[in-house]
Amino acid sequence: MIFIGACKSQVQVQSAIPDLPECHIIFDAGSKGTRLYIYEQTADGWLKHAGPRTDALADPVRGTRGKDLSDIDQVVDDLVASLEDMRRGGFLNNAGNRRVPAFDWRTRCRLKAASVFATAGMRMAEQENAAASELLWNQLNEALSQSVGIEVTTRTISGIEEGLYSWLAIREEQADDRFGMVEMGGASVQLTYPCEDCPGSRVVRVKGSDVAIASYSFLGWGQDEAWKTFGSVPACARGAGKGNPAWQVSDCAASVPVRDEREAFSVGERQDLRWYLAGAFQYMQELDIEHFCRLGLDSGFEPYSSCFRAIYLEDLLRTLGVSPGSEKSILDWTLGAVVCKTTQCMGK
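A quick note: this is a predicted structure, and the numbers were derived from the prediction, not measured.

### Let's talk about unusual backbone geometry
Okay, step 1: Even without being glycine, K207 reaches a positive phi, approximately 50°.
Okay, step 2: Mapped onto the secondary structure, K207 falls in the loop between β9 (202–206) and β10 (209–219).
Okay, step 3: Positive phi values are uncommon outside glycine, yet E302 reaches one of about 45°.
Okay, step 4: On the secondary structure map, E302 appears in the loop between α10 (288–294) and α11 (306–320).

What follows is the structure in structure tokens.
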């Protein structure tokens, strides 16, 4: 398989210190921002250390959030600098409500790997401007490898990989493989579950056993991209049902004309599986539609799209045949990426 923008730099590997735990640096380059994580291997499993958040890699390529191609240097520099910021600590966590203590990975770890994995935002950027995307990847790969002193991997992962990594992260806390997962991102949706006879299923090494996994990704179905394309209609506005007894949820849901496409991937017959909701699904609450659509309350997070998101997320799950009341998972797909790398889950 060929990945656009897949880069590896060959540099001298840092000296190993045997009595320190192994660590993996991994950047989640999402559609809204880039998050840094360092996973430390302990006797009890993987310990996650969260680092600073920087701007989305795709922004200068796609011309979003006020950036253009002239901002590539700054976006790359900020991402690399976040590793040193993590050593000093004191930055705000992703929720922006507390300061994070320092984690000096240079002295507390034997660095085993460093990766930047971009998701759906960069998948779109590479479709829109492949040349600029390649320039960004090459520049980032060189800068990051010089900073950490080991061979690094910088590339956009496929949606299939993203779904698989999310499933593998959840698997770390499960007793068996009999579960499926739906993940909502800003630009795409992932649907992953064990299935031997599904189209495109592939065998993956999971905790020492071979498991056939079906993983599907739907670019453009993420909540932010769906809002841009379908959400700005009066029936989906915050408070659309306030003082309007004739308003129905279906008035907004009908603005998303991809129901037939979603129904083709319904997993309604797979009720033998446990189902988990990841990504933005984890923030769903039972009264969201009532609060944001009928009462017009302030959601506290992007309130202008709150009614649309409340309806869209629930409607998408029901169309896929997954209950909106399924258990939620806070585990990050980056954990699954580290697990896959260390176990060679998809082969060498």
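Moving on from the model shown.
### Considerations on the packing of aromatic side chains
The way to describe two aromatic rings as a pair is by their centre distance and the angle between their planes.
Okay, step 1: Inspection of every chain in the model, using the stated rule, returns twelve aromatic pairs.
Okay, step 2: Aromatic pair W227 and Y304: ring centres 6.1 Å apart, planes at 55°, arrangement tilted. Within this pair, whereas W227 is found in helix α7 (residues 223–231), its partner Y304 is found in the loop between α10 and α11, the two being separated by 77 residues in sequence.

### Observations regarding the pattern of salt bridges
Okay, step 1: All told, the structure shown has 22 salt bridges when counted by the stated rule.
Okay, step 2: For E225, the salt bridge is made with R62, and the minimal N-O distance between the two is 3.6 Å. Here E225, found in helix α7, pairs with R62, found in helix α1 (residues 58–62); they are 163 residues apart in sequence, far enough to count as distant.
Okay, step 3: What makes E225 buried here is its relative accessible area of 11%.
Okay, step 4: Across the pair R87 and E84 runs a salt bridge whose closest N-O atoms are separated by 2.8 Å.

### Observations concerning the nonpolar core
Okay, step 1: Ranked by internal contacts, the top residues of the largest apolar core, which has 41 residues, are V182, Y193, F281, F308 and Y312.
Okay, step 2: Every element with two or more residues in this core is listed here: β7 (179–184), β8 (188–194), β10, α7, α8 (249–253), β11 (274–279), α10 and α11.
Okay, step 3: Here the element with the most residues in this core is α11; it accounts for nine residues.
Okay, step 4: If sequence neighbours within four positions are ignored, V182 has contacts with V189, Q190, L191, W275, Y276, L277, A278, F281, L317, L320 and V322.
Okay, step 5: Core analysis: the second largest hydrophobic core is formed by 35 residues, A125, A132, L144 and V148 among them.

### Observations regarding the packing of helix α6 (residues 159–171) against helix α12 (residues 333–343)
Okay, step 1: Interhelical geometry of α6 versus α12 gives an angle of 90° and a closest axis separation of 7 Å. Classed by the angle they form, the pair α6 and α12 counts as roughly perpendicular. Taken together, the residues of α12 that come into contact with α6 (itself represented by E162, Y165, S166, L168 and A169) are W333, L335, G336, A337 and C340.
Okay, step 2: Looking at side-chain class alone, the contact of α6 with α12 contains seven nonpolar, two polar and one charged residues.

Quick notes on the rules
Residues numbered from 1 in each chain as written. Predicted model: local features only at pLDDT ≥ 70, side-chain atom pairs only at ≥ 80, totals over all residues. Heavy atoms only, no water. Helix = DSSP H or I, 4+ residues; strand = E, 2+ residues; numbered from the N terminus. Phe/Tyr/Trp six-rings, centres within 6.5 Å; stacked < 30°, edge-to-face > 60°. Salt bridge = Lys/Arg side-chain N within 4 Å of Asp/Glu carboxyl O. Buried < 20%, exposed > 50% of the residue type's maximum accessible area, 1.4 Å probe, protein only. Core = buried A, V, L, I, M, F, W, Y, C linked by side-chain atoms within 4.5 Å. Contact = heavy atoms within 4.5 Å. Axes fitted to C-alpha atoms, helices over the stretch in contact; angles between N-to-C directions. Parallel < 35°, antiparallel > 145°, perpendicular 65-115°, else oblique. Nonpolar A, V, L, I, M, F, W, Y, C, P; charged D, E, K, R; others polar.

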